[in-house]
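# Report on the structure
Letter by letter, the chains look like this.
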Amino acid sequence: MVALSIFFKAQQTTGSVAIAGLAIGINSVAGAATAGLRGTLMDRFGQKWPLRIFVPGYAGMMLVLNTMENKNAILLAAFIMGISAPPINLSVRPLWKMIVPKDSLRTAYAVDTSVMSTAGVIGPVVATSLALSSHPGSALVVASIFMAVGGGSLALTRVSRDWIPEKKDSDHISIWRNKAIQLLMIEGCFIGFGWGVFDVAVPAFATLEGVPQRTAWVFTAMGVANIVGGLFAGLVSKRFSALKAMRLTYFVWIFISIPIVFTYPGWSMAIAGAFLGLIGGTIQVFYWEVMEAVRPKGSAVGMMGWIWTVEGTLMSIGSAAGGWIAETYSPRFAMSITSFTIITGFAILTLGRKRLAAADRIPTEEEDLAAMSDNSPTTS
């Protein structure tokens, strides 16, 4: 709910799509740039106090942002929200190993991912509906309440309080020195920027055409298809090499990303978005399986946090640029940038595939479970 709530708050207050995109971009870049630091903080001090500080601070800043009527104040509040975003998803993932038997982990991860993905589908619909209602401020208020209840509940659970961070191996290799992770980070820069532009281009297109409510149609279709794609990948992931499956899916993704450029906010864009989400959900599982195969041991949480710092920072820059590109040039041109970045990402992985050779095999049961665990949003 947060991104669209910020978008509509900024757009309705300033009357500018570009400022709305900038607000999302500032919020996202602040969150992404500090994701690795917040993950490291939890690795060092556990979950108890970081969550008890971040959750109320984040929920409170949403209410503060809701009162802002000045452009600069809105942008500042969006920035503060970004740096105080609670690492909820990074906190939940390692807890499953403490509360369910090993033979039930796959089921637990699948349910967790499905719940998160379903919430990700419903969230944009709720945010858009509330932001465009007779009480537009209710979008941020409801989001604040949800964060306070969900994050507060997690912070108070015994399993979260008792969680002990994973120890690193004695021969631990830094993530930044791992050539495979370096390659994935470079690819993530392009994909992050492309998706950042896309996430703003869709609501910007719909808003400029006078049909902002149709934004929810597109993101809902993409979200539902993303869930289906993830489940499909889970069914076939143990039959193919993780690297080959990812590269093949990536190649298909290139052609699937092109038709949406020629659509209009409505059913045509929703259908094209559904296909885009389907392949995106599929490739996400294979991507995490590759990452689990090549990452340094003892770096599960830190790896996710720092890769999201790189990819999320570029995504945020894309979001900030997306509104300006859509308003200055055209929304279709903005969406075409996403297709270009997907092509570039595929080229990078193809040229550097030797660095990912460790993933050119059938994933182990442990890697498959870890990939299922990783396959959910990392923005908070």
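Residues numbered from 1 in each chain as written. Predicted model: local features only at pLDDT ≥ 70, side-chain atom pairs only at ≥ 80, totals over all residues. Heavy atoms only, no water.

Attention shifts here to the overall build of the chain. Helix and strand counts for the chain come out as 17 helices and zero strands. Residue burial in the chain is summarised as follows: out of 380 residues, 55% are buried. Long-range contacts, defined as pairs at least 24 residues apart, comprise 85% of the intrachain contacts of the chain with a sequence gap of at least 6. (Helix = DSSP H or I, 4+ residues; strand = E, 2+ residues; numbered from the N terminus. Buried < 20%, exposed > 50% of the residue type's maximum accessible area, 1.4 Å probe, protein only. Contact = heavy atoms within 4.5 Å.)

Of note, A119 is situated in helix α8 (residues 105-131). With a relative accessible area of 43%, A119 lands in the partly exposed category.

Attention shifts here to the packing of aromatic side chains. Scanning the model with the defined rule gives 11 aromatic pairs in all. Ring geometry for F7 and F8: centres 5.3 Å apart, planes at 85 degrees, overall edge-to-face. Between the aromatic rings of F251 and F255, the centroid separation amounts to 5.3 Å while the plane-to-plane angle is 75 degrees, which identifies the pairing as edge-to-face. Pair noted here: F251 and F255 are both in helix α13 (residues 242-256), with a separation of four residues, about one helical turn. We classify F251 as partly exposed; its relative accessible area is 39%. Taken together, the ring pairs in this structure connect W195, F198, Y250, F251, W253, F255 and F346 into an aromatic cluster. If you follow R52 out to its NZ or CZ, it ends over the ring of W49, 5.4 Å from the centre. (Phe/Tyr/Trp six-rings, centres within 6.5 Å; stacked < 30°, edge-to-face > 60°. Lys NZ or Arg CZ within 6 Å of the ring centre and 35° of its normal.)

So, on to the side chain of S241. With respect to the helices, strands and loops of the structure, S241 is situated in the loop between α12 (215-236) and α13. A polar contact is formed between the side chain of S241 and the backbone nitrogen of K244, at a distance of 3.3 Å. (Polar contact = N/O pair within 3.5 Å; in protein donor to acceptor, adjacent residues only side chain to side chain.)

Counting residues in hydrophobic clusters, the biggest one holds 93 residues, and the most contacted among them are F198, M246, W253 and L356. Discounting residues that sit within four places of it in the chain, F198 has contacts with F219, M222, I260, L276, M335 and T338. (Core = buried A, V, L, I, M, F, W, Y, C linked by side-chain atoms within 4.5 Å.)

A few words on the packing of helix α4 (residues 48-67) against helix α9 (residues 138-156). In contact at an axis separation of 9 Å, α4 and α9 are set at 175 degrees when each is read in the N-to-C sense. Judged by the angle between their axes, α4 and α9 are roughly antiparallel. Facing α4, whose interface residues are L51, R52, V55, Y58, A59, M62, L63, L65 and N66, α9 presents L140, V141, A143, S144, M147, A148, G151, G152, L154, A155 and L156. (Axes fitted to C-alpha atoms, helices over the stretch in contact; angles between N-to-C directions. Parallel < 35°, antiparallel > 145°, perpendicular 65-115°, else oblique.)

Moving on, we get to the packing of α13 against helix α14 (residues 267-294). Packing of α13 against α14 leaves a shortest axis separation of 9 Å and a crossing angle of 155 degrees. Considered as vectors, α13 and α14 are oriented roughly antiparallel to each other. In this structure, α13 meets α14 at a crossing whose hand is left-handed. Between α13 and α14, the residues in contact are A242, L243, A245, M246, T249, Y250, V252, W253 and I256 and F275, L276, I279, G280, T282, I283, F286, Y287, E289 and V290, respectively. Its residues assigned to classes, the contact of α13 with α14 shows 15 nonpolar, three polar and one charged. (Left-handed = near helix turned anticlockwise from the far one by under 90°. Nonpolar A, V, L, I, M, F, W, Y, C, P; charged D, E, K, R; others polar.)

Another aspect to go through is a nonpolar patch on the surface. There is a patch of nonpolar side chains on the surface, built from L63, V141, I145, F146 and V149 and spanning about 450 Å² of accessible area. By the secondary structure assignment, V141 is in helix α9. The class for V141 is partly exposed, based on a relative accessible area of 31%. (Patch = residues over 30% accessible without salt bridge, like charges linked within 9 Å, V, L, I, M, F, W, Y side chains within 5 Å. Areas by Shrake-Rupley, 256 points an atom, 1.4 Å probe, with all protein chains shown as cover. Salt bridge = Lys/Arg side-chain N within 4 Å of Asp/Glu carboxyl O.)

Next up on the list: α9. Residues that lie three or four places apart on an α-helix share one face, since the helix turns once every 3.6 residues. Along its 19 residues, α9 runs 27 Å from first to last C-alpha, staying within 8% of the 27 Å computed at 1.5 Å per residue. Residues of α9 that are buried include every one of S138, A139, L140, A143, S144, M147, G151, L154 and A155, and no others. (Expected span 1.5 Å × (residues − 1).)

It is worth spelling out the side chain of T207 at this point. Following the sequence through the fold, T207 ends up in helix α11 (residues 179-208). Looking at T207, its side chain comes within polar contact range of the main-chain oxygen of P203, at 2.7 Å.

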